[in-house]
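Descriptive structure summary
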Amino acid sequence: MKDERKKILEMLASGKINTDEAERLLNALEDNLAGENNRSGTVRPKYLRILVEPKAGIQNGERVNVRVPINLIRAGLKWASFIPKHSQGKVGDALKEKGIDLDFSKMTPDDLDELIVNLNDLQVEVDGDEVVRVFCE
Amino acid sequence: MIPMILQLKIPRTGKPPVNLYLPLFFIWLLLLPFALLVVLLMLIVSGLTWTTGHGRTILFMIPMIGALLWNLGGLRIDVKDRKSQIYMSFW
């Protein structure tokens, strides 16, 4: 994939393709790779995807498409251990108020793996106007 | 892998958005001497504050900052509504 990406960027640099075409090719390349991973079923997910789309029939709604590398989440979770003890309590209380009983500072890589497995394809409908999908790929 | 290119889309009214490809590899090269200096400074501060307990924290921060930057590749944020759009993608 690295070579193919490099070729696309070289074509862009040499002016053979324009930026829109380069973007389409890069997206197609990534989608292709994601499809291959899903088919094999053995490859660990690389990205956490969050999609927010308006419900069918609703036009001009908000759209969100976020793709976060799992390794970035792993790296980010380690920073939670730097939150001062007294602040950890406040964060924990605030999360509990919202119904989330979770202590990020005690979360281990194994916990994250378990979360990813269980987060196979979560779909939430919000206020009937938007559909939120959270899944790994 | 550390991102080499940052793609930004700048929306324009009534026209298709402008695609900007920023060469991050060039920015990393420019920042490298500064980053090395910061790492050196952090190591010195870590050594000086080791007895207070903060030194260990500062020492662990060095690889954690590196891990964050290294794993930025692949991050894509695309938010749009009727009026505006925010798009950034790290390649």
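Computed from a prediction, not measured in an experiment: that's the story for all the values here.

What counts, and at which threshold
Residues numbered from 1 in each chain as written. Chains lettered and ligands numbered in written order. Predicted model: local features only at pLDDT ≥ 70, side-chain atom pairs only at ≥ 80, totals over all residues. Heavy atoms only, no water. Contact = heavy atoms within 4.5 Å. Buried area = accessible area lost by both parts, 1.4 Å probe. Salt bridge = Lys/Arg side-chain N within 4 Å of Asp/Glu carboxyl O. Polar contact = N/O pair within 3.5 Å; in protein donor to acceptor, adjacent residues only side chain to side chain. Helix = DSSP H or I, 4+ residues; strand = E, 2+ residues; numbered from the N terminus. Nonpolar A, V, L, I, M, F, W, Y, C, P; charged D, E, K, R; others polar. Pairing = 2+ DSSP bridges. Phe/Tyr/Trp six-rings, centres within 6.5 Å; stacked < 30°, edge-to-face > 60°. Lys NZ or Arg CZ within 6 Å of the ring centre and 35° of its normal. Buried < 20%, exposed > 50% of the residue type's maximum accessible area, 1.4 Å probe, protein only. Patch = residues over 30% accessible without salt bridge, like charges linked within 9 Å, V, L, I, M, F, W, Y side chains within 5 Å. Areas by Shrake-Rupley, 256 points an atom, 1.4 Å probe, with all protein chains shown as cover. Core = buried A, V, L, I, M, F, W, Y, C linked by side-chain atoms within 4.5 Å.

Observations regarding the interface of chain A and chain B
Across the contact, 29 residues belong to chain A and 27 residues belong to chain B. Buried area between chain A and chain B, summed over both chains or domains, comes out near 2,500 Å², and the portion from carbon and sulfur atoms is 63%. Along the contact surface separating chain A from chain B lie 0 salt bridges. Our count for the chain A to chain B interface comes out at 4 residue pairs in polar contact (both at pLDDT 80 or more). Counting residues per element, the ones that place at least two in the side of chain A that touches chain B are α1 (2–13), α2 (19–40), β1 (47–54), β2 (63–69) and α3 (70–79) of chain A. Its residues placed into classes, the side of chain A that touches chain B shows 12 nonpolar, 7 polar and 10 charged. Inspection of the sheet shows β2(A) paired to strand β3 (residues 76–80) of chain B by 5 bridges, in the antiparallel sense.

With respect to the packing of aromatic side chains
Counted according to the given criterion, the structure contains 0 aromatic pairs over all chains. The lysine or arginine in question, Arg67(A), covers the ring of Tyr47(A), its NZ or CZ lying 4.4 Å from the ring centre. The ring of Tyr87(B) carries Lys9(B) above its face, with NZ or CZ at 4.6 Å from the centroid.

Details of the pattern of salt bridges
All names here are of chain A. Under the criterion given, the structure shown has 1 salt bridge over all chains. Residue Arg 49 pairs with Glu 137 through a salt bridge whose shortest N-O separation is 3.2 Å. Here Arg 49, found in strand β1, pairs with Glu 137, found in the segment after β4 (130–136); they are 88 residues apart in sequence, far enough to count as distant. Each member of the pair Arg 49 and Glu 137 is classed as buried.

Some words on a nonpolar patch on the surface
All names here are of chain B. On the surface, Ile 10, Val 18, Leu 20 and Leu 22 cluster together to form a nonpolar patch covering roughly 260 Å² of accessible area. Residue placement: Leu 22 occurs in strand β2 (residues 15–23). The class of Leu 22 is partly exposed, set by a relative accessible area of 31%.

Side note on the nonpolar core
With 19 residues, the main nonpolar core has Ile70(A), Leu112(A), Leu75(B) and Phe90(B) as its most contacted residues. Secondary-structure elements contributing two or more residues to this core are β1, β2, α3, α5 (109–118) and β4 of chain A. Once residues lying within four places of it in the same chain are set aside, the contact partners of Leu112(A) are Ile70(A), Ile73(A), Arg74(A), Leu77(A) and Met107(A). Judged by nonpolar contacts, the second largest core, of 8 residues, contains Ile8(A), Leu29(A), Tyr21(B) and Trp91(B).

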